[in-house]
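The chain contents come next:
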Amino acid sequence: MTQPMNPQPPLPTVLEPVGEPAGGSAPTRRDVMDYAIGVVAATAAVAAAYPAVRFLSPVPTGKGGPVTLRLADVPKGTVTLATAGERSVLVVHNDEGAVRAFSATCPHLGCGLRWDEDERLIRCGCHGGRFGMDGRVVSGPPPRALTELTVDMVGDKVVVT
Ligand code: FES
């Protein structure tokens, strides 16, 4: 006995709805717009609050463990960024040979500072604050000079505390 050839699968007897979300109706255009507006508003609120929070929080003064480097690594007439752990300091070896050190944290909102050899200024990349080698504000929003740190010369080493 031969089996009848049936190339087609049997048709379902009951049609069930497909694509319905579980637990409710599909979101409306208004729901999507409300959600998008909420995301934009939350983002704007965080962006507006961040500078205020940074301004009100204490600015790190660079206090911490000592930072030690060789005087030979701080050429005369330059500023060198030195770090030890999470602490960063700017060591200034001015044209007259004096060595001073400042916190490498901007007194405006706490961003990191760097030495700009071309302009011969200490610069903050966040809001354009600029400082001279003496730590005083040259331009920009910083409200005060850089925090000066204690420098001790121990042999050929510069120790900043
Ligand atoms: S953090 Fe604003 S100028 Fe440095």
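Residues numbered from 1 in each chain as written. Predicted model: local features only at pLDDT ≥ 70, side-chain atom pairs only at ≥ 80, totals over all residues.

## Digging into the overall build of the protein
In step 1: Helix and strand counts for the protein stand at one helix and eleven strands.
In step 2: Listing every helix and strand of the protein by position from the N terminus yields α-β-β-β-β-β-β-β-β-β-β-β.
In step 3: Within the protein, contacts between residues at least 6 apart in sequence are counted, and of these 43% link residues at least 24 apart. (Helix = DSSP H or I, 4+ residues; strand = E, 2+ residues; numbered from the N terminus. Contact = placed C-beta atoms within 7 Å.)

## Observations concerning the sheet that holds strand β3 (residues 87-93)
Picture the strands of a sheet paired through backbone hydrogen bonds; they go either parallel or antiparallel.
In step 1: With respect to topology, four strands assemble into an open sheet ordered β2-β3-β4-β9, the strand pairing being antiparallel. The open sheet has two edge strands with one neighbour each: β2 (78-84) and β9 (148-149).
In step 2: By the bridge criterion, two bridges tie strand β4 (residues 99-103) to β9 in an arrangement that is antiparallel. Among the inter-strand pairings, A101 is bridged to a residue of β9, identified as L149. (Pairing = 2+ DSSP bridges.)

## Considering the sheet that holds strand β5 (residues 113-116)
In step 1: Read from one edge of the open sheet, four strands run β5-β6-β7-β8, paired in antiparallel fashion. Strands with a single pairing partner mark the edges of an open sheet, and in this sheet they are β5 and β8 (137-139).
In step 2: Of the pairings in the sheet, the one linking strand β6 (residues 121-124) to strand β7 (residues 130-131) comprises two bridges and is antiparallel in character. Across the sheet, the residue bridging to R123 is R130, located in β7.

## Some remarks on the nonpolar core
In step 1: Core analysis: the largest hydrophobic core is formed by 20 residues, its most contacted members being V89, L90, V91, A101 and V160.
In step 2: Contributions of two or more residues to this core are made by β3, β4, β6 and β11 (157-160).
In step 3: By residue number, the principal contributor to this core is β3, which donates four residues.
In step 4: Contacts of V160, omitting those with residues within four sequence positions, involve P66, V67, V89, V91, A101, L149 and V151. (Core = buried A, V, L, I, M, F, W, Y, C linked by C-beta atoms within 7 Å. Buried ≥ 20, exposed ≤ 12 C-beta atoms within 10 Å, placed from the backbone.)

## Points about unusual backbone geometry
In step 1: With a phi angle near 55 degrees, R120 is a residue other than glycine that sits in the positive phi range.
In step 2: Looking at R120, the number of C-beta atoms within 10 Å reads 12, which means it is exposed.

## So, the confidence of the model for the protein
Interpretation of this model should avoid reading the predicted coordinates in detail wherever pLDDT is low.
In step 1: The predicted model of the protein has a mean per-residue pLDDT of 83, with 76% of residues at 70 or higher.
In step 2: Low confidence marks residues 58-62, where pLDDT is under 50. Its contacts with residues over four positions away, or in another chain, come to 14 contacts. (pLDDT = per-residue confidence, 0-100.)

## Comments concerning the environment of T150
In step 1: Mapped onto the elements of the fold, T150 is located in the loop between β9 and β10 (151-154).
In step 2: Residue T150 is classed as exposed on the basis of its 10 C-beta neighbours within 10 Å.
In step 3: As for T150 and T161, which are separated by eleven residues in sequence, their C-alpha atoms are 5.3 Å apart.

## Focus on the pairing of β3
In step 1: In terms of residue burial, β3 counts as a mostly covered element, since five of its seven residues are buried.
In step 2: In this sheet, β3 lies alongside β2 in antiparallel orientation, the contact comprising seven bridges. Counted as the bridge partner of T83 is S88 from β3.
In step 3: Here β2 hands over to β3 after two residues, with G85 in that stretch at a positive phi of 65 degrees.

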